[in-house]
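Okay, here's what each chain looks like letter by letter:
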Amino acid sequence: MAFTIAIDGPAAAGKGTISKAVAAHFGFAHLDTGLLYRATGRRTLDGTSPLEAAQNLRAEDLQADDLRTPDVAQAASRVAAIPEVRAALVDFQRAFARRAGGAVLDGRDIGTVICPEAEAKLYVTANDDIRATRRFKELSGSGHDVTYESVLADLRERDARDSARAAAPLKPAEDAVILDTSQMDIDAAVAQAIAHIDARR
Ligand code: C5P
(Lines give C-alpha, C1' and ligand atoms only; values in the text may rest on other atoms or scores of the structure.)
Protein backbone atom coordinates (compact mmCIF):
# COMPACT_ATOMS: atom_id res chain seq x y z
CA MET A 1 0.00 0.00 0.00
CA ALA A 2 1.29 3.47 -0.84
CA PHE A 3 2.08 5.71 2.12
CA THR A 4 3.89 8.98 1.55
CA ILE A 5 5.96 10.86 4.11
CA ALA A 6 6.83 14.45 3.12
CA ILE A 7 9.80 16.04 4.90
CA ASP A 8 10.55 19.68 4.06
CA GLY A 9 12.67 22.42 5.52
CA PRO A 10 15.55 24.83 4.94
CA ALA A 11 19.10 23.80 4.04
CA ALA A 12 21.06 21.70 6.53
CA ALA A 13 18.25 21.40 9.09
CA GLY A 14 18.70 17.63 9.34
CA LYS A 15 16.10 16.56 6.76
CA GLY A 16 18.44 14.17 5.00
CA THR A 17 19.56 12.31 8.10
CA ILE A 18 16.04 12.14 9.52
CA SER A 19 14.59 11.01 6.18
CA LYS A 20 17.10 8.19 5.82
CA ALA A 21 16.50 6.98 9.37
CA VAL A 22 12.71 7.18 8.98
CA ALA A 23 12.84 5.30 5.66
CA ALA A 24 15.01 2.58 7.21
CA HIS A 25 12.67 2.32 10.22
CA PHE A 26 9.53 1.81 8.12
CA GLY A 27 11.24 -0.08 5.28
CA PHE A 28 10.23 2.67 2.81
CA ALA A 29 12.11 3.96 -0.23
CA HIS A 30 13.75 7.38 0.14
CA LEU A 31 14.18 10.17 -2.41
CA ASP A 32 16.33 13.20 -1.64
CA THR A 33 14.66 15.59 -4.09
CA GLY A 34 17.43 18.17 -3.59
CA LEU A 35 19.58 15.84 -5.70
CA LEU A 36 17.31 16.45 -8.71
CA TYR A 37 17.95 20.19 -8.47
CA ARG A 38 21.62 19.71 -7.65
CA ALA A 39 22.14 17.43 -10.66
CA THR A 40 20.28 19.94 -12.86
CA GLY A 41 22.29 22.86 -11.44
CA ARG A 42 25.51 20.89 -11.84
CA ARG A 43 24.91 20.50 -15.58
CA THR A 44 24.25 24.23 -16.03
CA LEU A 45 27.78 24.88 -14.73
CA ASP A 46 28.97 23.12 -17.91
CA GLY A 47 26.87 25.48 -20.03
CA THR A 48 23.73 23.34 -20.52
CA SER A 49 20.49 25.33 -20.31
CA PRO A 50 18.50 24.71 -17.09
CA LEU A 51 15.44 23.31 -18.84
CA GLU A 52 17.45 21.00 -21.09
CA ALA A 53 19.37 19.80 -18.05
CA ALA A 54 16.15 19.08 -16.11
CA GLN A 55 14.44 17.34 -19.04
CA ASN A 56 17.41 15.07 -19.70
CA LEU A 57 18.29 14.05 -16.15
CA ARG A 58 19.30 10.40 -15.86
CA ALA A 59 19.30 8.24 -12.76
CA GLU A 60 23.09 8.05 -12.80
CA ASP A 61 23.35 11.87 -12.69
CA LEU A 62 21.96 11.68 -9.15
CA GLN A 63 24.96 9.60 -8.11
CA ALA A 64 27.68 12.02 -9.23
CA ASP A 65 30.36 12.63 -6.56
CA ASP A 66 30.46 16.39 -6.79
CA LEU A 67 26.81 17.25 -6.07
CA ARG A 68 27.48 18.33 -2.48
CA THR A 69 29.69 21.36 -3.16
CA PRO A 70 28.55 24.89 -2.26
CA ASP A 71 28.82 25.94 -5.95
CA VAL A 72 26.45 23.19 -7.01
CA ALA A 73 24.09 24.03 -4.12
CA GLN A 74 23.87 27.64 -5.34
CA ALA A 75 23.35 26.53 -8.94
CA ALA A 76 20.61 24.17 -7.70
CA SER A 77 18.84 26.99 -5.90
CA ARG A 78 19.01 29.20 -9.02
CA VAL A 79 17.56 26.58 -11.39
CA ALA A 80 14.96 25.66 -8.76
CA ALA A 81 13.40 29.13 -9.08
CA ILE A 82 12.51 28.45 -12.75
CA PRO A 83 8.90 27.16 -12.99
CA GLU A 84 9.58 25.07 -16.15
CA VAL A 85 12.48 23.30 -14.44
CA ARG A 86 10.26 22.42 -11.48
CA ALA A 87 7.48 21.25 -13.81
CA ALA A 88 9.91 18.93 -15.62
CA LEU A 89 10.69 17.17 -12.34
CA VAL A 90 7.16 16.73 -10.97
CA ASP A 91 6.08 13.43 -12.57
CA PHE A 92 9.17 11.55 -11.45
CA GLN A 93 8.69 12.70 -7.84
CA ARG A 94 4.95 11.91 -7.76
CA ALA A 95 5.50 8.44 -9.23
CA PHE A 96 8.18 7.79 -6.62
CA ALA A 97 5.86 9.01 -3.85
CA ARG A 98 3.04 6.62 -4.77
CA ARG A 99 5.14 3.49 -5.19
CA ALA A 100 3.82 0.44 -3.41
CA GLY A 101 5.54 -0.16 -0.10
CA GLY A 102 5.80 3.46 1.01
CA ALA A 103 8.09 6.41 0.31
CA VAL A 104 9.86 9.23 2.10
CA LEU A 105 10.60 12.34 0.03
CA ASP A 106 12.58 15.24 1.43
CA GLY A 107 12.88 18.70 -0.10
CA ARG A 108 11.27 22.14 0.01
CA ASP A 109 7.82 21.72 -1.57
CA ILE A 110 6.91 18.08 -1.00
CA GLY A 111 4.09 18.71 1.48
CA THR A 112 2.84 21.83 -0.33
CA VAL A 113 3.09 21.06 -4.07
CA ILE A 114 4.45 17.62 -4.95
CA CYS A 115 2.42 15.54 -2.46
CA PRO A 116 -0.25 17.71 -0.85
CA GLU A 117 -2.09 14.45 0.00
CA ALA A 118 0.90 12.90 1.81
CA GLU A 119 -0.19 10.82 4.78
CA ALA A 120 2.43 12.42 7.07
CA LYS A 121 4.17 15.79 6.77
CA LEU A 122 7.07 17.15 8.74
CA TYR A 123 8.80 20.51 8.49
CA VAL A 124 12.29 20.18 9.92
CA THR A 125 14.07 23.35 10.92
CA ALA A 126 16.87 24.65 13.19
CA ASN A 127 18.44 28.04 13.82
CA ASP A 128 20.99 29.44 11.34
CA ASP A 129 24.01 28.99 13.61
CA ILE A 130 23.26 25.34 14.32
CA ARG A 131 22.61 24.59 10.66
CA ALA A 132 25.78 26.34 9.52
CA THR A 133 27.85 24.59 12.20
CA ARG A 134 26.54 21.16 11.17
CA ARG A 135 27.04 21.79 7.46
CA PHE A 136 30.51 23.29 8.07
CA LYS A 137 31.59 20.15 9.96
CA GLU A 138 30.17 17.92 7.22
CA LEU A 139 31.88 19.80 4.38
CA SER A 140 35.24 20.35 6.09
CA GLY A 141 35.16 16.71 7.30
CA SER A 142 34.84 15.53 3.70
CA GLY A 143 37.79 17.64 2.59
CA HIS A 144 36.06 20.78 1.26
CA ASP A 145 37.91 24.04 1.73
CA VAL A 146 35.20 26.13 3.42
CA THR A 147 34.88 28.52 6.37
CA TYR A 148 32.02 28.69 8.85
CA GLU A 149 31.21 32.20 7.56
CA SER A 150 31.04 31.10 3.92
CA VAL A 151 28.78 28.17 4.82
CA LEU A 152 26.47 30.44 6.84
CA ALA A 153 26.32 32.95 3.97
CA ASP A 154 25.54 30.14 1.48
CA LEU A 155 22.68 28.80 3.61
CA ARG A 156 21.18 32.23 4.16
CA GLU A 157 21.38 33.14 0.50
CA ARG A 158 19.73 29.88 -0.59
CA ASP A 159 17.02 30.05 2.08
CA ALA A 160 16.21 33.63 1.10
CA ARG A 161 15.98 32.69 -2.61
CA ASP A 162 14.06 29.47 -1.91
CA SER A 163 11.54 31.28 0.34
CA ALA A 164 11.05 34.33 -1.87
CA ARG A 165 10.52 32.60 -5.22
CA ALA A 166 7.04 32.55 -6.76
CA ALA A 167 7.20 28.87 -7.83
CA ALA A 168 6.75 26.43 -4.94
CA PRO A 169 8.47 28.54 -2.28
CA LEU A 170 9.97 27.02 0.84
CA LYS A 171 7.30 27.09 3.56
CA PRO A 172 5.62 24.60 5.88
CA ALA A 173 2.42 22.99 4.62
CA GLU A 174 -0.54 24.06 6.76
CA ASP A 175 -0.92 20.53 8.06
CA ALA A 176 2.80 19.87 8.64
CA VAL A 177 4.19 19.22 12.10
CA ILE A 178 7.17 21.50 12.84
CA LEU A 179 10.23 19.74 14.19
CA ASP A 180 12.83 22.24 15.43
CA THR A 181 16.08 20.31 15.85
CA SER A 182 18.14 23.22 17.26
CA GLN A 183 18.24 21.73 20.76
CA MET A 184 17.92 18.06 19.78
CA ASP A 185 20.40 15.38 18.89
CA ILE A 186 19.72 13.22 15.89
CA ASP A 187 18.32 10.29 17.87
CA ALA A 188 15.77 12.52 19.58
CA ALA A 189 14.76 14.14 16.28
CA VAL A 190 14.32 10.75 14.59
CA ALA A 191 12.30 9.44 17.56
CA GLN A 192 9.94 12.43 17.35
CA ALA A 193 9.56 12.04 13.60
CA ILE A 194 8.73 8.33 13.96
CA ALA A 195 6.23 9.02 16.77
CA HIS A 196 4.41 11.55 14.58
CA ILE A 197 4.28 9.17 11.61
CA ASP A 198 3.16 6.22 13.77
CA ALA A 199 0.24 8.32 14.96
CA ARG A 200 -0.87 8.73 11.32
CA ARG A 201 -0.66 5.05 10.34
O1 C5P B 1 18.13 19.96 -0.13
P2 C5P B 1 19.30 20.51 -0.88
O3 C5P B 1 20.11 21.49 -0.09
O4 C5P B 1 20.14 19.46 -1.51
O5 C5P B 1 18.64 21.32 -2.10
C6 C5P B 1 19.41 22.12 -2.99
C7 C5P B 1 18.52 23.20 -3.57
O8 C5P B 1 17.53 22.59 -4.40
C9 C5P B 1 17.73 24.01 -2.55
O10 C5P B 1 18.43 25.15 -2.08
C11 C5P B 1 16.48 24.40 -3.33
O12 C5P B 1 16.68 25.57 -4.07
C13 C5P B 1 16.29 23.28 -4.31
N14 C5P B 1 15.21 22.37 -3.95
C15 C5P B 1 13.92 22.75 -4.26
N16 C5P B 1 12.88 21.91 -4.03
C17 C5P B 1 13.08 20.70 -3.50
C18 C5P B 1 14.41 20.29 -3.13
C19 C5P B 1 15.44 21.17 -3.36
O20 C5P B 1 13.70 23.87 -4.73
N21 C5P B 1 12.06 19.88 -3.30
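What counts as what
- Residues numbered from 1 in each chain as written.
- Predicted model: local features only at pLDDT ≥ 70, side-chain atom pairs only at ≥ 80, totals over all residues.
- Near = placed C-beta within 6 Å.
- Helix = DSSP H or I, 4+ residues; strand = E, 2+ residues; numbered from the N terminus.
- Buried ≥ 20, exposed ≤ 12 C-beta atoms within 10 Å, placed from the backbone.
- Contact = placed C-beta atoms within 7 Å.
- Pairing = 2+ DSSP bridges.
- Axes fitted to C-alpha atoms, helices over the stretch in contact; angles between N-to-C directions.
- Core = buried A, V, L, I, M, F, W, Y, C linked by C-beta atoms within 7 Å.
- UniProt positions renumbered as here; feature names shortened; annotations may be inferred.

Visitor: Is there a simple way to think about the site of the ligand in this case?
Guide: Among the 15 residues in the neighbourhood of the ligand, the closest are listed as G34, Y37, S77, A80 and G107. Those elements that provide at least two residues to the shell around the ligand are α2 (34-44), α4 (70-79) and α8 (148-164).

Visitor: Before we go on, may I ask you to explain the environment of A103 in this structure?
Guide: The residue A103 is located in strand β3 (residues 103-107) in this model. Here A103 falls in the buried class, since 24 other C-beta atoms lie within 10 Å of it. Sequence separation between A103 and T4 is 99 residues; the distance between their C-alpha atoms is 5.1 Å. Once residues within four sequence positions are removed from consideration, A103 is found in contact with T4, F28, A29, L31, F96 and A97.

Visitor: Whenever I open this one, the pairing of β3 confuses me. Can you help?
Guide: Regular strands show a simple pattern: their side chains alternate between the two faces of the sheet. In terms of burial, β3 is largely enclosed, as five of its five residues are buried. Burial along β3 is two-sided: the face carrying A103, L105 and G107 and the face carrying V104 and D106 are both buried. Two elements, strand β1 (residues 4-8) and β3, share five bridges in a ladder whose sense is parallel. Each residue of the ladder has a partner; that of D8, found in β3, is G107. The pairing of strand β2 (residues 29-32) with β3 spans four bridges and is classified as parallel.

Visitor: How should the sheet that holds β3 be read in this particular structure?
Guide: By way of backbone hydrogen bonds, the strands of a sheet pair with one another, either parallel or antiparallel. Within the open sheet, the five strands sit side by side as β2-β3-β1-β4-β5. Their pairing is parallel. The open sheet has two edge strands with one neighbour each: β2 and β5 (177-180). Ignoring strand direction, the axes of neighbouring strands in this sheet form an average angle of 20°. Note that strand β4 (residues 120-125) and β5 share four bridges and pair parallel. From the neighbouring strand, V124 faces β5, where its bridge partner is L179.

Visitor: How should I be thinking about the nonpolar core in this particular structure?
Guide: Taken as a class, soluble globular proteins show a tendency for nonpolar side chains to be buried jointly. Formed by 35 residues in total, the largest nonpolar core has its most connected members in I5, I7, I18, V22, L105, L122 and A193. Those elements that place two or more of their residues in this core are β1, α1 (15-26), β3, α6 (110-114), β4, α7 (128-141), α8 and α9 (186-199). Contact partners of I18, with chain neighbours within four places excluded, come to I7, V124, A189, V190 and A193. With 14 residues, the next largest nonpolar core counts A54, V72, V79 and V85 among its residues.

Visitor: Before we go on, may I ask you to explain unusual backbone geometry in this structure?
Guide: Most of the time, phi is negative for any residue but glycine, and the peptide bond is trans. Of note, A12 is a non-glycine position whose phi angle comes to about 60°, a positive value. Despite not being glycine, A168 shows a phi value in the positive range, around 45°. Structurally, A168 is set in the loop between α8 and β5. Overall, A168 belongs to the buried group, with 20 C-beta atoms counted inside 10 Å.

Visitor: Help me out: how do you make sense of the UniProt feature "domain: Cytidylate kinase" (unreviewed entry) in the chain in this one?
Guide: The sites that carry the UniProt feature "domain: Cytidylate kinase" (unreviewed entry) are, in the present numbering, residues 5-45 and 60-197. Across residues 5-45, helical content stands at 56% and strand content at 20%; the span's end C-alpha atoms are separated by 32 Å. Between the C-alpha atoms that bound residues 60-197 there is a distance of 31 Å. The span itself is 53% helix and 11% strand.

Visitor: Explain the UniProt feature "binding site: ATP" (unreviewed entry) in the chain to me, please; I cannot follow it from the model alone.
Guide: Residues annotated by UniProt as "binding site: ATP" (unreviewed entry) correspond here to G9, P10, A11, A12, A13, G14, K15, G16 and T17. Along the chain, K15 turns up in helix α1. A tally of 27 C-beta atoms within 10 Å means that K15 is categorised as buried. If we ignore the near neighbours within four places in the chain, the residues touching K15 are I7, G9, D106 and V124. Relative to the assigned elements, G16 resides in helix α1. Residue classification places G16 among the partly exposed residues on the basis of 17 C-beta atoms within 10 Å.

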